[in-house]
Amino acid sequence: MNERRVTAGWLPGLAAQDVQWHALAFGSGAGRVQVDVPVLTGGQMQALARRVRAAAREHLQPLPVSAIIAIVDRAVARLLDPAEPYRQQAERLLPVITGYDAEMVRLGLASSLKTFRAPQLHRFVAEDFANPKVLDEFQPAAKGGAVRAFGPALLVHNWAGNVPALPLWSLVCGLLVKAGNVGKLPSAEPLFASLFARLLAEVHPPLADCLAIVWWKGGDANAASALFDEADTVLAYGSNQAVDEIRRQLPVTTRFLPYGHKLGFGLISRAALDTQRAPATARLAAHDIVRWEQQGCYSPHLFYVERGGRVAPREFAQYLAGELASLQRRHPRRALALEDAQAIAGWRQSSELRALSAAGCELLGDDQAEWAVAYADAPQPLSPTAAHRCIQVVAIDRLDDVVALVEPHAAFLQTAGVAAEPAELFRIAALLGRAGVTRVAAIGAMTAPEAGWHHDGRFNLLDLVRMVEIEQSAERAAERLAPYAQEESP
């Protein structure tokens, strides 16, 4: 039998023979991979959650945050080593499981993992805490008294499977605030979080019981409620519908941090549209489109291109089409599910009809191409494409015109890629921020957030903790009870 078989999950305290397993199949033929995921009873889930909470209290919470960073850094350093067996397994299996091009997975993993080295993690913590030592002990507060940050005793992560290694973001956040962590694997990509949990346990064995990686089938309310009832905080990633379903399952006292559907877009100023810069900008934009097939919340669906440069917006669209054609040869698009193929066909048909009926509209890329560029010479509101290398290019007179086109969709805004000169960058960023954008990135870096970025405009670590204050009145009262306190004269 040529099928490869691996086991996912991390279940401290549970023997494999005491757990039921469900097989998830990926790929076909000789390259087929079967991933066995654990199916826990409500009682097993509850016991696991309590074990993780107790272990974190004993082994994780006493560690200084700098020691936790060092542990994560050692694990990530191993994953960055091409000779590391865990890295080799990820590079071998993730392309089959996700369908992404193998070279895209290799490059994407390296780029993502570098974000979690020690210097970046120290910056990550400093971004949220002016004095990171508040995670370790009480520190003087500017207003007087003292303050300390405590993470949740049990943090539950409900991950999406659209981008490989995505679970690393929230899992590392949970470790940095010293929470017991239980992560729910997505059926679309159940491998990476499992590998990282095993590696972390090897790097620092006392952490082995401080986290668990579980799975349940959608609709299994028994397992989900058993875990959610134990959680202090729940992080959820996915579609708005999936996130809302989780929200309805949570006790009213549980802190809930949802990360739902978002739309990315780009702005290309005339300063980036001379005969040298325009092709280079189109190349960077194409990489943002191709990387993870526009499945990330930060991926672009539309580029607004300013008139007035030496290269016209329609020429830029042609440059972009050429770059996508080139990347198709180097990084083939992943095989499409039936619903994805239908969505692309519908989007192409709508674009073709618009090209026939509206002046200045055009669809670049024939039916055989693994990409499509729809060009419009008149302003168009922000709207999603069918993803999978489908992109809209829209000509505008001024960058400022974009604000009115995206502002009605503020709830879905997150990342805007901008190619503009410095003064223009800060001016347009202020306008976009008021419209609802929370991250402004360079074209070419839209799908590679920096360490410490404020996901959806929120604090990654501060949102997880509760601040405990010792007020000045308590300090003064304690002073009067100290052995060295002077007796007050009558």
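Check the entry above for the structure.
Residues numbered from 1 in each chain as written. Predicted model: local features only at pLDDT ≥ 70, side-chain atom pairs only at ≥ 80, totals over all residues. Heavy atoms only, no water.

**A look at the packing of helix α5 (residues 118-128) against helix α6 (residues 167-176)**
Following both chains from N to C, one finds α5 and α6 inclined at 70°, their axes separated by 12 Å at the closest point. Relative to α6, α5 is oriented roughly perpendicular. Note on packing geometry: the crossing formed by α5 with α6 is right-handed. Two secondary-structure elements touch here, α5 through Leu121, Phe124 and Val125 and α6 through Trp169, Val172, Cys173 and Leu176. Tallied by class, the residues present in the contact of α5 with α6 amount to seven nonpolar, no polar and no charged. (Axes fitted to C-alpha atoms, helices over the stretch in contact; angles between N-to-C directions. Helix = DSSP H or I, 4+ residues; strand = E, 2+ residues; numbered from the N terminus. Parallel < 35°, antiparallel > 145°, perpendicular 65-115°, else oblique. Left-handed = near helix turned anticlockwise from the far one by under 90°. Contact = heavy atoms within 4.5 Å. Nonpolar A, V, L, I, M, F, W, Y, C, P; charged D, E, K, R; others polar.)

**Remarks on the sheet that holds strand β12 (residues 300-306)**
The strands making up a sheet are joined through hydrogen bonds of the backbone, oriented either antiparallel or parallel. Pairing within the open sheet is mixed, and its seven strands lie in the order β13-β14-β15-β12-β11-β16-β17. Looking along the sheet, the strands with just one partner apiece sit at the ends: β13 (361-364) and β17 (439-442). Pairwise comparison of adjacent strand axes, ignoring direction, gives a mean angle of 20° for this sheet. The pairing of strand β14 (residues 372-376) with strand β15 (residues 390-396) spans five bridges and is classified as parallel. Within β15, the position partnered with Val373 by the bridge is Ile391. Contacts from helix α14 (residues 422-435) reach β11 (263-268), β16 (413-419) and β17, with the element oriented near 165° to β16. (Pairing = 2+ DSSP bridges.)

**Overview of the pairing of β17**
Residues in a regular strand project their side chains so that they alternate between the two faces of the sheet. With four bridges connecting them, β16 and β17 associate as parallel partners. Looking at the pairing, Ala416 lines up with Val440 of β17. The parallel pair β16 and β17 is bridged by α14, and the resulting crossover is right-handed. (Right-handed = clockwise from strand over helix to strand, strands pointing away.)

**Focus: the sheet that holds strand β10 (residues 255-259)**
Spatially, β8-β7-β6-β9-β10 is the arrangement adopted by the five strands of the open sheet, whose pairing is parallel. On the outer flanks of this sheet lie β8 (211-214) and β10, each paired with one strand and no other. Averaged over neighbouring strand pairs, the angle between their axes works out to 15° when direction is ignored. Here strand β6 (residues 154-158) runs beside strand β7 (residues 180-184); their pairing, made up of five bridges, is parallel. Across the sheet, residue Leu155 finds its bridge partner in β7, namely Asn181. In the packing of helix α9 (residues 240-249) onto the sheet, contacts are made with β6, β9 (233-237) and β10, and the angle to β10 comes to roughly 175°.

**Description of empty space enclosed by the protein**
If you walk through the whole model with that rule in mind, you get one cavity of 30 Å³ or more. Of the pockets and cavities examined, the largest cavity occupies roughly 40 Å³. Every residue lining the largest cavity is listed: Ser351, Arg354, Cys361, Glu362, Ala374, Tyr375, Ala376 and Gln392. Within the residue set of the lining of the largest cavity, elements represented by two or more residues are α12 (338-357), β13 and β14. Broken down by element, the residue count for the lining of the largest cavity peaks at three residues, all from β14. Within the lining of the largest cavity, the residues separate by chemical class into four nonpolar, two polar and two charged. (1 Å grid on protein atoms, 1.4 Å probe; cavity = no way out; pocket = protein on both sides within 12 Å on 5 of 7 lines; lining within 4 Å. Points joined across faces, edges and corners; volume = space filled by probe spheres on them.)

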